[in-house]
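Given next are the chains, with one letter for each unit.
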Amino acid sequence: MKKIRDEQKGIIFIALIIVIIVVLSVVFSVSLKTNIVEEKMKTEDVVRTLFVIEDTDTSVLFTSVMIYNTSSQKAALVNIPGYIGAIYKSLNRVDKIERVYEEIGIESYKTEIEKLLAIKIPYYAVIKMNDFQMLTDYLGGLKVFIPEPIDYKNNSGERFLLPSGIVNLDGDKVAAYLNYMLESEREADVQDRYQNIMSAFITSLHEKKFNIFSKNNFKLYSDAIQTNVNEEEEYTLFSTLSDVDSESIIRQTITGSARNVDGQFLLLPLNNGEFIKEAIKQTTNMLVSADGSLTSRVYVLEIQNGTNKQGLARNTSILFQNASYDVLSAVNADSDNYEKTVIIDHIGNEDVAKMVGEFIHCTNIQNANSLTEEEDYSTETRVDFTIILGKDFNGRYVVPTKSSK
(Lines give C-alpha, C1' and ligand atoms only; values in the text may rest on other atoms or scores of the structure.)
Protein backbone atom coordinates (compact mmCIF):
# COMPACT_ATOMS: atom_id res chain seq x y z
CA MET A 1 0.00 0.00 0.00
CA LYS A 2 1.46 3.32 -1.12
CA LYS A 3 2.08 5.99 1.43
CA ILE A 4 0.24 9.30 0.98
CA ARG A 5 2.75 11.87 -0.05
CA ASP A 6 3.10 15.16 1.79
CA GLU A 7 1.72 17.06 -1.20
CA GLN A 8 -1.42 14.91 -1.16
CA LYS A 9 -1.81 15.38 2.59
CA GLY A 10 -1.71 19.13 2.04
CA ILE A 11 -4.42 18.98 -0.67
CA ILE A 12 -6.66 16.80 1.50
CA PHE A 13 -6.20 19.17 4.45
CA ILE A 14 -7.11 22.21 2.34
CA ALA A 15 -10.15 20.39 0.95
CA LEU A 16 -11.35 19.57 4.47
CA ILE A 17 -10.95 23.19 5.50
CA ILE A 18 -13.00 24.31 2.48
CA VAL A 19 -15.75 21.78 3.29
CA ILE A 20 -15.85 22.95 6.91
CA ILE A 21 -16.06 26.62 5.83
CA VAL A 22 -18.92 25.86 3.42
CA VAL A 23 -20.86 23.88 6.06
CA LEU A 24 -20.35 26.60 8.67
CA SER A 25 -21.43 29.27 6.19
CA VAL A 26 -24.65 27.39 5.42
CA VAL A 27 -25.39 26.84 9.12
CA PHE A 28 -24.62 30.49 9.88
CA SER A 29 -26.80 31.81 7.04
CA VAL A 30 -29.71 29.57 8.09
CA SER A 31 -29.38 30.72 11.70
CA LEU A 32 -29.45 34.35 10.55
CA LYS A 33 -32.48 33.83 8.32
CA THR A 34 -35.45 35.78 9.70
CA ASN A 35 -39.13 35.89 8.93
CA ILE A 36 -39.30 39.33 7.28
CA VAL A 37 -43.10 39.55 7.58
CA GLU A 38 -42.99 38.70 11.27
CA GLU A 39 -40.21 41.23 11.94
CA LYS A 40 -42.09 43.95 10.02
CA MET A 41 -45.25 43.36 12.01
CA LYS A 42 -43.38 43.95 15.27
CA THR A 43 -42.82 47.58 14.27
CA GLU A 44 -45.82 48.30 12.00
CA ASP A 45 -49.47 47.82 12.98
CA VAL A 46 -50.86 48.36 9.47
CA VAL A 47 -50.45 45.53 6.94
CA ARG A 48 -51.21 46.26 3.28
CA THR A 49 -51.64 43.44 0.77
CA LEU A 50 -52.53 43.55 -2.92
CA PHE A 51 -54.85 40.77 -4.13
CA VAL A 52 -55.12 40.11 -7.87
CA ILE A 53 -57.60 37.54 -9.18
CA GLU A 54 -56.46 36.54 -12.65
CA ASP A 55 -59.01 35.52 -15.27
CA THR A 56 -58.68 32.32 -17.29
CA ASP A 57 -57.00 34.27 -20.13
CA THR A 58 -54.34 35.65 -17.65
CA SER A 59 -55.89 39.13 -17.70
CA VAL A 60 -56.96 40.88 -14.48
CA LEU A 61 -60.48 39.91 -13.39
CA PHE A 62 -60.47 42.08 -10.27
CA THR A 63 -58.05 43.66 -7.81
CA SER A 64 -58.36 44.59 -4.14
CA VAL A 65 -56.01 46.15 -1.63
CA MET A 66 -56.50 44.98 1.94
CA ILE A 67 -55.46 47.47 4.63
CA TYR A 68 -55.42 45.69 8.00
CA ASN A 69 -54.65 46.94 11.48
CA THR A 70 -53.20 44.11 13.57
CA SER A 71 -54.00 45.84 16.89
CA SER A 72 -57.67 46.65 16.30
CA GLN A 73 -58.15 43.73 13.85
CA LYS A 74 -60.13 46.13 11.65
CA ALA A 75 -59.68 46.11 7.89
CA ALA A 76 -60.61 47.92 4.71
CA LEU A 77 -60.89 46.42 1.23
CA VAL A 78 -60.20 48.90 -1.56
CA ASN A 79 -61.51 47.84 -4.96
CA ILE A 80 -59.30 48.89 -7.89
CA PRO A 81 -61.40 48.95 -11.10
CA GLY A 82 -59.30 47.66 -13.98
CA TYR A 83 -60.43 50.43 -16.30
CA ILE A 84 -58.97 53.30 -14.25
CA GLY A 85 -57.34 55.53 -16.84
CA ALA A 86 -54.21 57.65 -16.53
CA ILE A 87 -50.84 58.26 -18.13
CA TYR A 88 -48.92 55.30 -16.75
CA LYS A 89 -45.19 55.81 -16.68
CA SER A 90 -44.55 52.07 -16.92
CA LEU A 91 -46.51 51.98 -20.22
CA ASN A 92 -45.53 55.48 -21.38
CA ARG A 93 -49.10 56.13 -22.56
CA VAL A 94 -52.70 56.71 -21.49
CA ASP A 95 -54.41 53.38 -20.87
CA LYS A 96 -56.30 51.21 -18.39
CA ILE A 97 -54.37 50.28 -15.27
CA GLU A 98 -55.01 46.58 -15.90
CA ARG A 99 -52.85 46.82 -19.04
CA VAL A 100 -49.82 47.37 -16.78
CA TYR A 101 -50.34 43.92 -15.26
CA GLU A 102 -51.02 42.24 -18.60
CA GLU A 103 -48.03 43.76 -20.41
CA ILE A 104 -45.38 44.25 -17.72
CA GLY A 105 -46.36 42.15 -14.71
CA ILE A 106 -47.29 42.24 -11.06
CA GLU A 107 -44.36 44.31 -9.73
CA SER A 108 -45.06 47.27 -12.05
CA TYR A 109 -48.79 46.87 -11.44
CA LYS A 110 -48.22 47.07 -7.69
CA THR A 111 -46.06 50.17 -8.15
CA GLU A 112 -48.77 51.95 -10.16
CA ILE A 113 -51.40 51.11 -7.53
CA GLU A 114 -49.08 52.42 -4.81
CA LYS A 115 -48.87 55.72 -6.71
CA LEU A 116 -52.63 55.79 -7.19
CA LEU A 117 -53.38 55.34 -3.48
CA ALA A 118 -50.26 57.11 -2.14
CA ILE A 119 -49.34 54.17 0.10
CA LYS A 120 -46.69 51.45 0.18
CA ILE A 121 -47.93 47.90 -0.37
CA PRO A 122 -45.26 45.42 0.75
CA TYR A 123 -47.07 42.20 -0.18
CA TYR A 124 -49.05 40.82 -3.08
CA ALA A 125 -51.05 37.65 -3.72
CA VAL A 126 -52.01 36.56 -7.23
CA ILE A 127 -54.65 33.84 -7.60
CA LYS A 128 -55.59 32.37 -10.97
CA MET A 129 -59.33 31.92 -11.50
CA ASN A 130 -59.14 28.12 -11.57
CA ASP A 131 -57.21 28.16 -8.31
CA PHE A 132 -59.66 30.67 -6.81
CA GLN A 133 -62.51 28.28 -7.62
CA MET A 134 -60.56 25.46 -6.01
CA LEU A 135 -59.84 27.55 -2.89
CA THR A 136 -63.55 28.42 -2.71
CA ASP A 137 -64.39 24.72 -2.61
CA TYR A 138 -61.71 24.08 0.03
CA LEU A 139 -63.29 26.83 2.12
CA GLY A 140 -66.73 25.28 1.80
CA GLY A 141 -68.05 28.05 -0.47
CA LEU A 142 -68.38 31.83 -0.25
CA LYS A 143 -71.51 33.50 1.12
CA VAL A 144 -72.89 36.48 -0.81
CA PHE A 145 -76.22 38.28 -0.99
CA ILE A 146 -77.92 38.19 -4.41
CA PRO A 147 -80.91 40.59 -4.49
CA GLU A 148 -82.68 39.00 -7.46
CA PRO A 149 -82.42 35.56 -9.11
CA ILE A 150 -80.13 35.44 -12.15
CA ASP A 151 -81.04 33.57 -15.33
CA TYR A 152 -78.68 34.75 -18.05
CA LYS A 153 -77.36 33.30 -21.29
CA ASN A 154 -74.29 34.85 -22.96
CA ASN A 155 -73.47 35.05 -26.69
CA SER A 156 -71.76 31.66 -26.52
CA GLY A 157 -74.92 30.02 -25.24
CA GLU A 158 -73.51 29.56 -21.72
CA ARG A 159 -76.25 29.85 -19.10
CA PHE A 160 -75.84 31.40 -15.65
CA LEU A 161 -78.39 30.42 -12.99
CA LEU A 162 -78.15 31.89 -9.49
CA PRO A 163 -80.87 32.02 -6.81
CA SER A 164 -81.65 35.13 -4.77
CA GLY A 165 -80.99 35.72 -1.07
CA ILE A 166 -77.93 34.89 1.01
CA VAL A 167 -76.35 32.13 -1.06
CA ASN A 168 -73.33 29.91 -0.38
CA LEU A 169 -71.56 29.72 -3.76
CA ASP A 170 -69.21 26.87 -4.65
CA GLY A 171 -66.28 27.39 -7.02
CA ASP A 172 -68.27 27.03 -10.22
CA LYS A 173 -71.04 29.32 -8.94
CA VAL A 174 -68.44 31.92 -7.93
CA ALA A 175 -67.12 31.90 -11.50
CA ALA A 176 -70.68 32.36 -12.81
CA TYR A 177 -71.34 35.17 -10.30
CA LEU A 178 -68.20 37.01 -11.39
CA ASN A 179 -68.66 36.61 -15.12
CA TYR A 180 -72.31 37.15 -16.00
CA MET A 181 -73.15 40.57 -17.49
CA LEU A 182 -76.72 41.87 -17.73
CA GLU A 183 -77.60 44.62 -20.20
CA SER A 184 -79.28 46.59 -17.43
CA GLU A 185 -76.17 46.54 -15.23
CA ARG A 186 -73.81 49.44 -14.81
CA GLU A 187 -70.08 48.98 -14.47
CA ALA A 188 -70.46 50.00 -10.81
CA ASP A 189 -72.73 46.97 -10.27
CA VAL A 190 -70.05 44.65 -11.66
CA GLN A 191 -67.40 46.21 -9.41
CA ASP A 192 -69.77 45.74 -6.47
CA ARG A 193 -69.93 42.00 -7.23
CA TYR A 194 -66.14 41.85 -7.21
CA GLN A 195 -66.12 43.51 -3.80
CA ASN A 196 -68.75 41.08 -2.51
CA ILE A 197 -66.60 38.10 -3.48
CA MET A 198 -63.39 39.55 -2.06
CA SER A 199 -65.12 40.37 1.22
CA ALA A 200 -66.64 36.87 1.33
CA PHE A 201 -63.21 35.33 0.66
CA ILE A 202 -61.56 37.22 3.54
CA THR A 203 -64.51 36.33 5.79
CA SER A 204 -64.10 32.64 4.93
CA LEU A 205 -60.38 32.82 5.72
CA HIS A 206 -61.38 34.08 9.15
CA GLU A 207 -64.11 31.51 9.73
CA LYS A 208 -61.99 28.53 8.57
CA LYS A 209 -58.63 29.70 9.96
CA PHE A 210 -58.26 26.82 12.44
CA ASN A 211 -58.50 24.37 9.57
CA ILE A 212 -56.46 26.35 7.03
CA PHE A 213 -53.53 27.14 9.29
CA SER A 214 -52.97 23.69 10.60
CA LYS A 215 -49.41 22.91 9.47
CA ASN A 216 -50.62 19.88 7.54
CA ASN A 217 -53.24 21.82 5.58
CA PHE A 218 -51.71 25.19 4.78
CA LYS A 219 -49.56 23.99 1.86
CA LEU A 220 -52.74 22.87 0.11
CA TYR A 221 -53.91 26.50 0.16
CA SER A 222 -50.56 28.22 -0.35
CA ASP A 223 -49.80 26.25 -3.52
CA ALA A 224 -52.76 28.01 -5.15
CA ILE A 225 -51.48 31.51 -4.32
CA GLN A 226 -48.47 33.27 -5.85
CA THR A 227 -46.88 35.74 -3.43
CA ASN A 228 -43.66 37.76 -3.11
CA VAL A 229 -42.70 36.09 0.20
CA ASN A 230 -41.43 32.62 1.09
CA GLU A 231 -43.65 29.85 2.44
CA GLU A 232 -43.01 30.59 6.13
CA GLU A 233 -43.63 34.31 5.60
CA GLU A 234 -46.76 33.55 3.59
CA TYR A 235 -48.06 31.50 6.52
CA THR A 236 -47.39 34.43 8.87
CA LEU A 237 -49.04 36.92 6.52
CA PHE A 238 -52.25 34.98 5.89
CA SER A 239 -52.64 33.71 9.45
CA THR A 240 -52.39 37.34 10.60
CA LEU A 241 -54.94 38.55 8.02
CA SER A 242 -57.32 35.76 9.05
CA ASP A 243 -57.65 37.32 12.52
CA VAL A 244 -59.64 40.15 10.92
CA ASP A 245 -62.90 41.33 12.44
CA SER A 246 -64.89 40.14 9.44
CA GLU A 247 -68.11 41.78 10.67
CA SER A 248 -66.77 45.32 10.23
CA ILE A 249 -64.74 45.28 7.01
CA ILE A 250 -64.81 48.73 5.39
CA ARG A 251 -65.41 48.63 1.64
CA GLN A 252 -64.07 51.29 -0.68
CA THR A 253 -63.86 51.71 -4.40
CA ILE A 254 -62.44 54.35 -6.69
CA THR A 255 -64.97 56.56 -8.42
CA GLY A 256 -64.63 59.23 -11.06
CA SER A 257 -65.93 60.22 -14.44
CA ALA A 258 -66.22 57.53 -17.12
CA ARG A 259 -65.10 58.78 -20.52
CA ASN A 260 -64.26 57.50 -23.95
CA VAL A 261 -60.58 58.30 -24.56
CA ASP A 262 -59.06 57.29 -27.90
CA GLY A 263 -61.68 54.59 -28.32
CA GLN A 264 -61.28 53.22 -24.78
CA PHE A 265 -63.80 53.40 -21.93
CA LEU A 266 -61.78 54.77 -19.02
CA LEU A 267 -62.56 55.76 -15.45
CA LEU A 268 -60.76 59.03 -14.67
CA PRO A 269 -60.45 59.57 -10.89
CA LEU A 270 -61.79 62.84 -9.52
CA ASN A 271 -59.36 65.74 -9.14
CA ASN A 272 -56.53 63.74 -10.77
CA GLY A 273 -56.76 61.09 -8.07
CA GLU A 274 -56.22 63.44 -5.12
CA PHE A 275 -59.61 62.61 -3.62
CA ILE A 276 -58.92 58.87 -3.42
CA LYS A 277 -55.55 59.54 -1.76
CA GLU A 278 -57.32 61.61 0.89
CA ALA A 279 -59.98 58.93 1.28
CA ILE A 280 -57.38 56.18 1.81
CA LYS A 281 -55.62 58.37 4.38
CA GLN A 282 -58.93 58.93 6.16
CA THR A 283 -59.70 55.20 6.17
CA THR A 284 -56.27 54.32 7.55
CA ASN A 285 -56.79 56.85 10.35
CA MET A 286 -60.09 55.16 11.16
CA LEU A 287 -58.43 51.74 11.32
CA VAL A 288 -55.71 52.88 13.72
CA SER A 289 -58.03 54.71 16.14
CA ALA A 290 -56.91 53.94 19.68
CA ASP A 291 -60.01 52.05 20.88
CA GLY A 292 -61.41 50.95 17.54
CA SER A 293 -64.55 53.03 18.09
CA LEU A 294 -64.08 54.92 14.84
CA THR A 295 -64.53 51.69 12.88
CA SER A 296 -67.26 50.14 15.00
CA ARG A 297 -69.69 50.77 12.14
CA VAL A 298 -70.27 52.78 8.97
CA TYR A 299 -71.44 56.30 9.79
CA VAL A 300 -74.41 57.75 7.92
CA LEU A 301 -74.32 61.31 6.60
CA GLU A 302 -76.75 63.81 5.17
CA ILE A 303 -75.19 66.49 2.98
CA GLN A 304 -77.01 69.74 2.27
CA ASN A 305 -76.04 72.44 -0.18
CA GLY A 306 -76.32 75.81 1.56
CA THR A 307 -75.06 77.74 -1.47
CA ASN A 308 -76.23 78.51 -5.00
CA LYS A 309 -73.55 76.28 -6.57
CA GLN A 310 -75.29 73.57 -8.57
CA GLY A 311 -74.43 69.95 -7.71
CA LEU A 312 -72.27 70.80 -4.69
CA ALA A 313 -74.02 68.40 -2.30
CA ARG A 314 -74.00 65.57 -4.85
CA ASN A 315 -70.29 65.97 -5.64
CA THR A 316 -69.40 66.19 -1.96
CA SER A 317 -71.38 63.01 -1.26
CA ILE A 318 -69.09 61.18 -3.69
CA LEU A 319 -66.06 62.35 -1.70
CA PHE A 320 -67.48 60.98 1.54
CA GLN A 321 -68.60 57.73 -0.08
CA ASN A 322 -65.04 57.25 -1.31
CA ALA A 323 -63.95 57.65 2.31
CA SER A 324 -66.27 54.80 3.40
CA TYR A 325 -69.17 56.84 4.77
CA ASP A 326 -72.78 56.06 3.89
CA VAL A 327 -74.55 59.12 2.46
CA LEU A 328 -78.30 58.85 2.97
CA SER A 329 -79.17 61.98 1.02
CA ALA A 330 -77.62 64.92 -0.83
CA VAL A 331 -80.14 67.76 -0.96
CA ASN A 332 -80.49 71.52 -0.92
CA ALA A 333 -80.53 73.24 2.47
CA ASP A 334 -83.37 75.47 3.64
CA SER A 335 -81.35 78.44 2.37
CA ASP A 336 -78.66 79.02 -0.24
CA ASN A 337 -77.04 81.75 1.83
CA TYR A 338 -74.98 79.85 4.44
CA GLU A 339 -71.72 81.71 5.01
CA LYS A 340 -70.00 78.93 6.96
CA THR A 341 -70.06 75.17 6.57
CA VAL A 342 -71.43 73.43 9.66
CA ILE A 343 -71.40 69.80 10.81
CA ILE A 344 -74.27 68.78 13.09
CA ASP A 345 -73.51 65.82 15.38
CA HIS A 346 -76.70 63.82 16.04
CA ILE A 347 -75.03 61.01 18.04
CA GLY A 348 -72.85 62.98 20.43
CA ASN A 349 -69.60 61.33 19.32
CA GLU A 350 -67.02 64.10 19.40
CA ASP A 351 -64.14 61.98 18.08
CA VAL A 352 -66.00 60.82 14.98
CA ALA A 353 -67.38 64.32 14.42
CA LYS A 354 -63.84 65.71 14.42
CA MET A 355 -62.77 63.00 11.98
CA VAL A 356 -65.63 63.90 9.63
CA GLY A 357 -64.61 67.54 9.91
CA GLU A 358 -60.93 66.83 9.25
CA PHE A 359 -61.82 65.30 5.90
CA ILE A 360 -63.07 68.65 4.61
CA HIS A 361 -61.10 70.88 7.03
CA CYS A 362 -64.23 71.94 8.90
CA THR A 363 -63.98 72.84 12.59
CA ASN A 364 -67.50 74.31 12.92
CA ILE A 365 -69.13 71.32 14.67
CA GLN A 366 -72.33 71.59 16.67
CA ASN A 367 -74.09 69.02 18.84
CA ALA A 368 -77.72 68.62 17.76
CA ASN A 369 -78.88 68.36 21.39
CA SER A 370 -77.41 71.74 22.31
CA LEU A 371 -78.95 73.74 19.47
CA THR A 372 -81.36 76.52 20.34
CA GLU A 373 -84.64 77.05 18.49
CA GLU A 374 -83.02 79.82 16.47
CA GLU A 375 -80.17 77.47 15.50
CA ASP A 376 -82.41 74.48 14.80
CA TYR A 377 -81.50 73.46 11.24
CA SER A 378 -83.82 71.43 9.05
CA THR A 379 -81.96 68.11 9.16
CA GLU A 380 -82.57 64.40 8.73
CA THR A 381 -82.67 62.83 12.22
CA ARG A 382 -82.01 59.28 10.97
CA VAL A 383 -78.41 60.18 10.14
CA ASP A 384 -75.36 60.40 12.39
CA PHE A 385 -74.10 63.70 11.00
CA THR A 386 -75.55 66.44 8.83
CA ILE A 387 -73.15 68.55 6.80
CA ILE A 388 -74.47 71.88 5.53
CA LEU A 389 -72.07 73.29 2.95
CA GLY A 390 -71.51 77.05 3.09
CA LYS A 391 -69.84 79.66 0.93
CA ASP A 392 -66.50 78.89 2.60
CA PHE A 393 -66.49 75.40 1.00
CA ASN A 394 -64.54 75.30 -2.28
CA GLY A 395 -65.74 71.90 -3.43
CA ARG A 396 -63.09 70.01 -1.46
CA TYR A 397 -62.16 71.93 1.66
CA VAL A 398 -63.49 74.63 3.92
CA VAL A 399 -61.38 77.73 3.31
CA PRO A 400 -61.72 80.19 6.23
CA THR A 401 -62.67 83.71 5.16
CA LYS A 402 -61.04 86.79 6.64
CA SER A 403 -64.11 87.51 8.72
CA SER A 404 -64.04 84.00 10.22
CA LYS A 405 -60.39 84.09 11.28
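Residues numbered from 1 in each chain as written. Predicted model: local features only at pLDDT ≥ 70, side-chain atom pairs only at ≥ 80, totals over all residues. Heavy atoms only, no water.

## Some words on the packing of helix 6 (residues 171-179) against helix 7 (residues 187-207)
Link 1 in the chain: Packing of helix 6 against helix 7 leaves a shortest axis separation of 9 Å and a crossing angle of 155 degrees. Our classification of the angle between helix 6 and helix 7 gives roughly antiparallel. Where helix 6 approaches helix 7, its residues Val174, Tyr177 and Leu178 are matched on the opposing element by Arg193, Tyr194, Asn196 and Ile197.
Link 2 in the chain: Residues belonging to the contact of helix 6 with helix 7 are distributed by class as follows: five nonpolar, one polar and one charged. (Axes fitted to C-alpha atoms, helices over the stretch in contact; angles between N-to-C directions. Helix = DSSP H or I, 4+ residues; strand = E, 2+ residues; numbered from the N terminus. Parallel < 35°, antiparallel > 145°, perpendicular 65-115°, else oblique. Contact = heavy atoms within 4.5 Å. Nonpolar A, V, L, I, M, F, W, Y, C, P; charged D, E, K, R; others polar.)

## Side note on the pattern of salt bridges
Link 1 in the chain: Across all of its chains, the model carries 20 salt bridges by this definition.
Link 2 in the chain: Where lysine 40 meets glutamate 44, a salt bridge forms, and the shortest distance between an N and an O atom there is 3.9 Å.
Link 3 in the chain: Judged by its relative accessible area of 35%, glutamate 44 falls in the partly exposed class.
Link 4 in the chain: Of the charged contacts, one joins lysine 110 and glutamate 114 as a salt bridge, the two residues approaching to 3.4 Å between their closest N and O atoms. Within this pair, lysine 110 and its partner glutamate 114 are both found in helix 4 (residues 106-117), separated by four residues, close to a single helical turn.
Link 5 in the chain: For lysine 110, a relative accessible area of 10% corresponds to the buried category.
Link 6 in the chain: When salt bridges that share partners are traced, they join Arg93, Asp95, Glu98, Arg99, Glu102 and Glu103 into one network. (Salt bridge = Lys/Arg side-chain N within 4 Å of Asp/Glu carboxyl O. Buried < 20%, exposed > 50% of the residue type's maximum accessible area, 1.4 Å probe, protein only.)

## Quick notes on helix 6
Link 1 in the chain: For helix 6, the complete set of buried residues consists of Gly171, Val174, Ala175, Ala176, Tyr177 and Leu178.
Link 2 in the chain: In the core, the buried residues of helix 6 are packed alongside strand 2 (60-69), helix 5 (129-138), strand 7 (142-146), strand 9 (159-162), strand 10 (165-169) and helix 7.
Link 3 in the chain: Two or three places before aspartate 172, at the start of helix 6, stands the capping residue aspartate 170, its side-chain oxygen 3.3 Å from that residue's backbone nitrogen. (Polar contact = N/O pair within 3.5 Å; in protein donor to acceptor, adjacent residues only side chain to side chain.)

## Some thoughts on the sheet that holds strand 11 (residues 226-227)
Link 1 in the chain: Judged by pairing direction, the sheet is mixed, and its six strands sit side by side in the order 11-6-1-2-3-12 without closing on themselves. Single-partner strands in this sheet number two, and they are strand 11 and strand 12 (250-253).
Link 2 in the chain: By the bridge criterion, four bridges tie strand 3 (residues 75-79) to strand 12 in an arrangement that is parallel. By the bridge assignment, leucine 77 is partnered in strand 12 with arginine 251.
Link 3 in the chain: Across the sheet, helix 7 is in contact with strand 1 (46-54), strand 2, strand 3, strand 6 (123-128) and strand 12; its angle to strand 3 comes to roughly 145 degrees. (Pairing = 2+ DSSP bridges.)

## Observations concerning the sheet that holds strand 15 (residues 300-305)
Link 1 in the chain: Overall, mixed pairing links the five strands, which are arranged 16-15-19-17-18 in an open sheet. Each end of this open sheet is capped by a strand with a single partner; those strands are strand 16 (326-332) and strand 18 (365-367). Between one strand axis and the next, the sheet turns through 20 degrees on average, direction left out of account.
Link 2 in the chain: By the bridge criterion, four bridges tie strand 17 (residues 342-345) to strand 19 (residues 385-389) in an arrangement that is antiparallel. From the neighbouring strand, isoleucine 344 faces strand 19, where its bridge partner is threonine 386.
Link 3 in the chain: The strands touched by helix 13 (residues 350-360) are strand 17, strand 18 and strand 19; relative to strand 19, the strand with the most contacts, the crossing angle is about 30 degrees.

## Digging into the nonpolar core
Link 1 in the chain: By size, the foremost hydrophobic cluster in this structure holds 57 residues, and its most contacted members are Val65, Tyr109, Leu117 and Phe320.
Link 2 in the chain: Excluding anything up to four places from it in sequence, leucine 117 contacts Val65, Ile80, Ile254, Ile276, Lys277 and Ile280. (Core = buried A, V, L, I, M, F, W, Y, C linked by side-chain atoms within 4.5 Å.)

## Focus on the pairing of strand 1
Link 1 in the chain: Here strand 1 lies mainly inside the structure; nine of its nine residues are buried.
Link 2 in the chain: Of the two faces of strand 1, the one lined by Val46, Arg48, Leu50, Val52 and Glu54 and the one lined by Val47, Thr49, Phe51 and Ile53 are each fully buried.
Link 3 in the chain: As paired elements, strand 1 and strand 2 share nine bridges and run antiparallel to each other. Across the sheet, phenylalanine 51 pairs through a bridge with serine 64, a residue of strand 2.
Link 4 in the chain: Hairpin connection from strand 1 to strand 2: five residues lie between these consecutive antiparallel strands, with threonine 58 at a positive phi of about 70 degrees.

## Considering a nonpolar patch on the surface
Link 1 in the chain: Taken together, the side chains of Phe13, Ile14, Ile17, Ile18, Ile21 and Val22 define a hydrophobic patch exposed on the protein surface, amounting to about 570 Å² of accessible area.
Link 2 in the chain: Mapped onto the secondary structure, isoleucine 21 falls in helix 1 (residues 6-32).
Link 3 in the chain: For isoleucine 21, a relative accessible area of 48% puts it in the partly exposed group. (Patch = residues over 30% accessible without salt bridge, like charges linked within 9 Å, V, L, I, M, F, W, Y side chains within 5 Å. Areas by Shrake-Rupley, 256 points an atom, 1.4 Å probe, with all protein chains shown as cover.)

## Things to note about the side chain of threonine 227
Link 1 in the chain: Topologically, threonine 227 is positioned in strand 11.
Link 2 in the chain: With relative accessibility at 14%, the residue threonine 227 sits in the buried group.
Link 3 in the chain: There is a polar contact of 3.2 Å between the side chain of threonine 227 and the backbone oxygen of valine 229.
Link 4 in the chain: Polar contacts involving the side chain of threonine 227 include one to the side chain of glutamate 234, which spans 3.2 Å.
Link 5 in the chain: With residues near it in sequence (within four places) discarded, threonine 227 still touches Tyr124, Ala125, Glu234 and Phe238.

## Points about the confidence of the model for the chain
Link 1 in the chain: Taken over all residues, the pLDDT of the chain has a mean of 87, while the share at 70 or more is 89%.
Link 2 in the chain: Taken element by element, the chain is modelled with least confidence in helix 1, mean pLDDT 67, and with most confidence in strand 6, mean pLDDT 97. (pLDDT = per-residue confidence, 0-100.)

## As for unusual backbone geometry
Link 1 in the chain: The residue alanine 118 is not glycine, and still its phi comes out positive at about 60 degrees.
Link 2 in the chain: Even without glycine at this site, aspartate 262 takes up a positive phi of about 50 degrees.

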